[in-house]
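Here is how the chains run, residue by residue.
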Amino acid sequence: MHTQPASPPAFIGIDIGGTKTLGVAVNGNGDLLEEHVLPTPQGAAELIEAVSSMHFELSERVAQCSPESFEVLDLGIGIAGLVDINGQLRRAPNLVEVDGLDIRPILESKLGIPVHIDNDVNCAALAELSHGAAALANNSLLVTLGTGIGGALIVEGRVHRGAFGMAGEPGHMIINPHGLTCACGKKGCWEAYASAAGLRNLAIDRAQNGQLQKIIDRVQGDLNKVASEDITQEARRGDVQSLAVIDDFAHWVALGLTNCAALLDPELVIIGGGLVEEWDLLGDRIRRSFDELLLASTQRNRIPVRPVENGKAAGAIGATLLGRQR
Ligand SMILES: [Zn+2]
């Protein structure tokens, strides 16, 4: 009897973000085979459908790879939310429709393969650990500056999950109790100052105090329309007041990093998220403020602050590792 030789394994990782869902397929060495991206749909049923069809599409593509055809063994999902130690999604405040919906059993019964779920930044940390900025550091901190702030703690070479799986949420450390209102409803969270939303908040505050005429002109006076790119673009053009907002922003980022460092004593801080694309504008400013604010900065080892190495696909690439690390 003729039998087909077994296909080598492939692993699919899907990163469900607030606006985009990015899927990758990798081989056993972690080499990228296929990539697929679509806007994150509204609605729980639509999201389940989108993830299933993305999985199907990527599985089909790797099965038709030449000269080798791959067989998908499992699916890993990174999601912007609180995932408990058992891989159950508990809260996803930026994905309102699936907030509190446990999507893993739904997907497992739909797809007929094991599905593993973790927080998106924990997934990105796995990618940075396996081949990225954290590969040579035993103790490091990953902070993503995007719409909000995400975090992952790497302790003794592993992603530290905490007692219930919810460690590493530094965005909601309160750094100014009477300050700006955060998306979570509380006042003065780090995220309200040091995310893309925070950058916007800082600019709006200055514009309301008679500064930032260039930004006000860009949005024709409607401050609700200010986006973080308005500030970074004007800063790049040399607008002194926009650069002052960037300095202010970098200070708030560094302030939160200093609090994290006081608790963790990391050997390295890695910055990811959408704002990492502005690293040329932000990197040196964050480092300078961080060095100034850090306790005993001249007596202790310097803590480098570096951007992620896996870029936008870090969460999806890390999600492919979930099944193999558990
Ligand atoms: Zn908050």
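About the thresholds
- Residues numbered from 1 in each chain as written.
- Predicted model: local features only at pLDDT ≥ 70, side-chain atom pairs only at ≥ 80, totals over all residues.
- Heavy atoms only, no water.
- Pairing = 2+ DSSP bridges.
- Helix = DSSP H or I, 4+ residues; strand = E, 2+ residues; numbered from the N terminus.
- Axes fitted to C-alpha atoms, helices over the stretch in contact; angles between N-to-C directions.
- Contact = heavy atoms within 4.5 Å.
- Donors = N, O, S within 2.8 Å, 3.2 Å for Na, K, Ca; no water.
- Buried < 20%, exposed > 50% of the residue type's maximum accessible area, 1.4 Å probe, protein only.
- Domains from an automatic or database assignment.
- Buried area = accessible area lost by both parts, 1.4 Å probe.
- Salt bridge = Lys/Arg side-chain N within 4 Å of Asp/Glu carboxyl O.
- Core = buried A, V, L, I, M, F, W, Y, C linked by side-chain atoms within 4.5 Å.

Participant: Describe the sheet that holds strand E2 (residues 20–27), with residues and values.
Facilitator: Reading across the sheet, the 5 strands line up as E3-E2-E1-E4-E7 and stay open at both edges, with mixed pairing between neighbours. Both outer strands of the open sheet, strand E3 (32–39) and strand E7 (115–119), are each paired with one neighbouring strand and no more. Going from strand to strand, the sheet's axes swing by 20° on average, the running direction of each strand aside. Pairing geometry for strand E1 (residues 9–16) and E2, over 7 bridges, is antiparallel. Bridge pairing links aspartate 15 to leucine 22 in E2. In the packing of helix H1 (residues 44–63) onto the sheet, contacts are made with E1, E2, E3 and strand E4 (71–79), and the angle to E3 comes to roughly 155°.

Participant: Can you tell me about the coordination of the zinc ion, naming the residues and giving the values?
Facilitator: Ideal values differ by geometry: the angle at a metal is 109.5 degrees with four tetrahedral donors, but 90 or 180 degrees with six octahedral donors. The protein atoms that coordinate the zinc ion are His172 (ND1), Cys182 (SG), Cys184 (SG) and Cys189 (SG), at distances of 2.1 to 2.3 Å. When the donors of the zinc ion are listed by position in the chain, the intervening gaps give H-x9-C-x1-C-x4-C. Of this pair, histidine 172 sits in the loop between strand E10 (158–160) and helix H4 (191–194) while cysteine 182 sits in the loop between E10 and H4; the two residues are 10 residues apart in sequence, bridging distant segments of the chain. In this structure histidine 172 comes out as partly exposed when scored by relative accessible area, which is 33%. What makes cysteine 182 buried here is its relative accessible area of 5%.

Participant: Please give an account of the domain arrangement of the protein that cites residues and values.
Facilitator: In many reports, interface size means the accessible area that the parts give up when they come together. If you check the domain split of the protein, you get domain 1 (9–127 + 313–325) and domain 2 (136–308). Counting residues at the interface gives 12 residues for domain 1, matched by 14 residues for domain 2. Between domain 1 and domain 2, the buried area comes to about 1100 Å², and carbon and sulfur atoms account for 61% of it. Considering only the surface of domain 1 that becomes buried against domain 2, Ile85, Val121 and Asn122 emerge as the three largest contributors, covering 42% of it. Linking domain 1 with domain 2 are 1 salt bridge. Aspartate 118 is the partner of arginine 161 in a salt bridge, and the nearest nitrogen-oxygen pair spans 2.4 Å.

Participant: Which residues make up the nonpolar core, and what are the values?
Facilitator: With 48 residues, the main nonpolar core has Leu257 and Phe290 as its most contacted residues. Among the elements that take part in this core, helix H8 (residues 240–264) stands out by supplying 10 residues, more than any other. Those residues in contact with phenylalanine 290 that sit more than four places away from it in its chain are Ala254, Leu257, Thr258, Ala261, Val269, Ile303 and Val305. Ranked by size, the runner-up nonpolar core spans 27 residues in total, among them Val51, Phe70, Ile79 and Val98.

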